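Summary of the model geometry
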Amino acid sequence: MSTDLHLADGSPVTADVDAVVIGLLPAGEGEDRPRLAPGATEIAEAFGGEAELAELLGVLGATGKADDVVKLPTRGAITAPLLVATGLGAPDEGGEPTAEQVRRASGAAARALAGKGRAVSTLGRLDLGAAAEGTLLGAYTFTAYRSNGNGKAPVGSVGLLAEDGQEEVLRTAVTVAGAVRTARDLVNTPPNDLYPETFAARAKELAEAAGVEVEVLDDEALAAGGYGGVLGVGGGSSRKPRLVRLRYAGGSNPRAKVALVGKGITFDTGGISIKPAANMDHMTSDMSGAAAVIATTVLAAQLQLPVAVTATVPMAENMPSATAYRPGDVLRIYGGKTVEVLNTDAEGRLILADAIVRAAEDEPDYLVETSTLTGAQQVALGMRTAGVMGSDDFRDRVAAHARATGEDGWAMPLPEHMRSELDSRIADIANVTGSRWGGMLVAGTFLREFVPNGLPWAHIDIAGPSFHTGSPYGYVTKGGTGVPVRTLHALLADIARNG
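Not measured: the values here are computed from a predicted model. (Residues numbered from 1 in each chain as written. Predicted model: local features only at pLDDT ≥ 70, side-chain atom pairs only at ≥ 80, totals over all residues. Heavy atoms only, no water.)

Structural notes on the packing of helix α10 (residues 348-360) against helix α14 (residues 439-448)
At their nearest, the axes of α10 and α14 sit 10 Å apart, and the two run at 30 degrees to each other. The orientation of α10 relative to α14 falls into the category roughly parallel. In this structure, α10 crosses over α14, and the sense of that crossing is right-handed. Across the interface between the two elements, Arg349, Leu350, Leu352, Ala353 and Ile356 from α10 touch Val442, Ala443, Phe446 and Leu447 from α14. Looking at side-chain class alone, the contact of α10 with α14 contains eight nonpolar, no polar and one charged residues. (Axes fitted to C-alpha atoms, helices over the stretch in contact; angles between N-to-C directions. Helix = DSSP H or I, 4+ residues; strand = E, 2+ residues; numbered from the N terminus. Parallel < 35°, antiparallel > 145°, perpendicular 65-115°, else oblique. Left-handed = near helix turned anticlockwise from the far one by under 90°. Contact = heavy atoms within 4.5 Å. Nonpolar A, V, L, I, M, F, W, Y, C, P; charged D, E, K, R; others polar.)

A look at empty space enclosed by the protein
Scanning all chains against the criterion turns up one cavity of 30 Å³ or more. Lining the largest cavity we find Val21, Ser106, Ala109, Ala110, Leu113, Ser121, Leu123, Thr135, Val158 and Leu160. Contributing elements (two or more residues each) for the lining of the largest cavity: α3 (99-112) and β7 (157-160). The element that contributes the greatest number of residues to the lining of the largest cavity is α3, accounting for three residues. For the lining of the largest cavity, the per-class residue count stands at seven nonpolar, three polar and no charged. (1 Å grid on protein atoms, 1.4 Å probe; cavity = no way out; pocket = protein on both sides within 12 Å on 5 of 7 lines; lining within 4 Å. Points joined across faces, edges and corners; volume = space filled by probe spheres on them.)

Observations concerning the pairing of β7
Judged by which residues are buried, β7 turns out to be covered on both faces: Ser157 and Gly159 on one side and Val158 and Leu160 on the other are all buried. Across four bridges, strand β6 (residues 118-121) lies against β7 in parallel orientation. Within β7, the position partnered with valine 120 by the bridge is glycine 159. (Buried < 20%, exposed > 50% of the residue type's maximum accessible area, 1.4 Å probe, protein only. Pairing = 2+ DSSP bridges.)

Topic: the environment of valine 330
Relative to the elements of secondary structure, valine 330 occurs in strand β13 (residues 330-332). We classify valine 330 as partly exposed; its relative accessible area is 39%. Spatially, the C-alpha atom of valine 330 lies 8.4 Å from that of isoleucine 426, the residues being 96 residues apart in sequence.

Side note on the layout of surface pockets
Each pocket or cavity is described by its volume, and for the largest pocket that value is around 1100 Å³. What lines the largest pocket is a set of 41 residues, among which Asp345, Leu373, Thr374, Gly375 and Ala376 lie closest to the centre. Mapped onto the lining of the largest pocket, the elements with two or more residues apiece are α10, α11 (375-381) and α14. Considering every element that reaches the lining of the largest pocket, the biggest residue donor is α11, with five residues. Grouping the amino acids of the lining of the largest pocket by side-chain chemistry returns 18 nonpolar, 15 polar and eight charged.

Here's the deal with the pattern of salt bridges
For the structure shown, the criterion picks out 29 salt bridges. Residue arginine 242 is joined to aspartate 219 by a salt bridge in which the shortest nitrogen-to-oxygen separation is 4.0 Å. In this pair, arginine 242 sits in strand β9 (residues 242-248) while aspartate 219 sits in helix α7 (residues 219-225), placing the two residues 23 residues apart along the sequence. The partner of aspartate 345 in a salt bridge is lysine 275, and the shortest N-O contact between them spans 3.1 Å. (Salt bridge = Lys/Arg side-chain N within 4 Å of Asp/Glu carboxyl O.)

Let's talk about a negative patch on the surface
A contiguous patch of negative charge on the surface is contributed by Asp9, Glu163, Asp164 and Glu167. Tracing the backbone shows aspartate 9 in the loop between β1 (4-7) and β2 (19-25). (Patch = residues over 30% accessible without salt bridge, like charges linked within 9 Å, V, L, I, M, F, W, Y side chains within 5 Å. Areas by Shrake-Rupley, 256 points an atom, 1.4 Å probe, with all protein chains shown as cover. Lys, Arg positive; Asp, Glu negative; His and termini not counted. Charge placed at Lys NZ, Arg CZ, Asp CG, Glu CD.)

As for the environment of alanine 131
Relative to the assigned elements, alanine 131 resides in helix α4 (residues 128-138). Given a relative accessible area of 0%, alanine 131 falls into the buried group. Sequence-distant contacts of alanine 131, defined by excluding residues within four places in its chain, comprise Val102, Ser106, Leu123, Gly124 and Leu160.

Focus: the packing of aromatic side chains
Under the defined criterion, the tally for this structure stands at four aromatic pairs. Here phenylalanine 446 and phenylalanine 450 contribute two aromatic rings whose centre-to-centre distance is 5.2 Å and whose plane-to-plane angle is 50 degrees, an arrangement assigned as tilted. Looking at phenylalanine 450, the relative accessible area reads 6%, which means it is buried. Over the ring of phenylalanine 450 we find lysine 337; its NZ or CZ atom is 5.3 Å from the centre of that ring. Directly above the ring of tyrosine 473 sits arginine 384, whose terminal nitrogen or CZ lies 3.6 Å from the centroid. (Phe/Tyr/Trp six-rings, centres within 6.5 Å; stacked < 30°, edge-to-face > 60°. Lys NZ or Arg CZ within 6 Å of the ring centre and 35° of its normal.)

Below, the structure written as structure tokens:
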């Protein structure tokens, strides 16, 4: 079930809804109660003034900090029976809440509204796009595999109060949030149902519905084409690999050509170099990069962005069996370069190598890949900050969009000395080094070997940010997060404007 989102008319005081949402800021210097955020003037007056309402909410424990939500029965002060006050956190230096604060507060409020039929939010007056995204993402649930439902249904309908003339802002935000939800759905689908064949079918269905051209290569076509990385990694599974190509033309006069590549390991046991049993279930998310680029390509078509986008998506299941590839094997990547496999759990870079070489044949202006590439990303940057590697200027551009969207990303170097550590005894390159240090940078260095010289390129390592295992916060729910769909959309929109 999805929450309906629309622009609201009239006053929140007289709105015929189940709840009204307002924003709160932390107490200022020398104050002992939270402050009402802009946009809630009518509500404050209905409760006797801003000071009186803030004091009442403070008595109930409201702080105005991020993720703080307090519910207040209105007792007839306004038409709605319930007032929901959601914390924005301390504003920036200019005194105004940031888009990410609005997005996060809207998400927290949406989760608190579960079970309600209709609500109105004043947060759209602060930032309509952020409020819309946060509301839809915070209200997200995945209940396809629950036989008896999942407790309270998400809030049915939320009206956002905003200035006139922002219909296009709302449409874009709703479409972007829909793409994130699509990526979440794909990541959250268990691997017994989402494997290369069915994943490719889902991608085809999504693409065709948006008018995006689709090509699916099965294992026979991959063998004929020389895709040794995908075939090697997928050889241990009875569920044969696929490679999906999605093409959105970008209209009659696209500003640029962008190649997207996403890792689609539908489940990763580590292969012969098998992973520990603890938390192996999280490897259902090892196709998060693929989910993101599929959703983003469809999104570009839905929004009719003047950018030509081609997604190249390798899909495989990494399993140990009598037919699995082994440490010591040499794989011939698409295009001819050979790789000595020293660890079968460093499989993502092998299928990405195939996809990078194929994507570059289209002569794009930019190449962006994303994947759950390395556990080293989590060690270096934690579970919420993606590592962004690539050509310096373009890498920095991508990382800046990650931060601006609230998905968060940090530019990482690719030191030249690491290339020699990947020298192979018998092949062109090895897939890992013999060192435990700098694993994310090693993987990025490996991938760089398959990127043509001079092509602006970035890789977004989302090993941590793509899958959330803790308690929900802001607009992030448990399971797949949909990262980095919003970063990729922001980048495409930027390229559409500026080339």
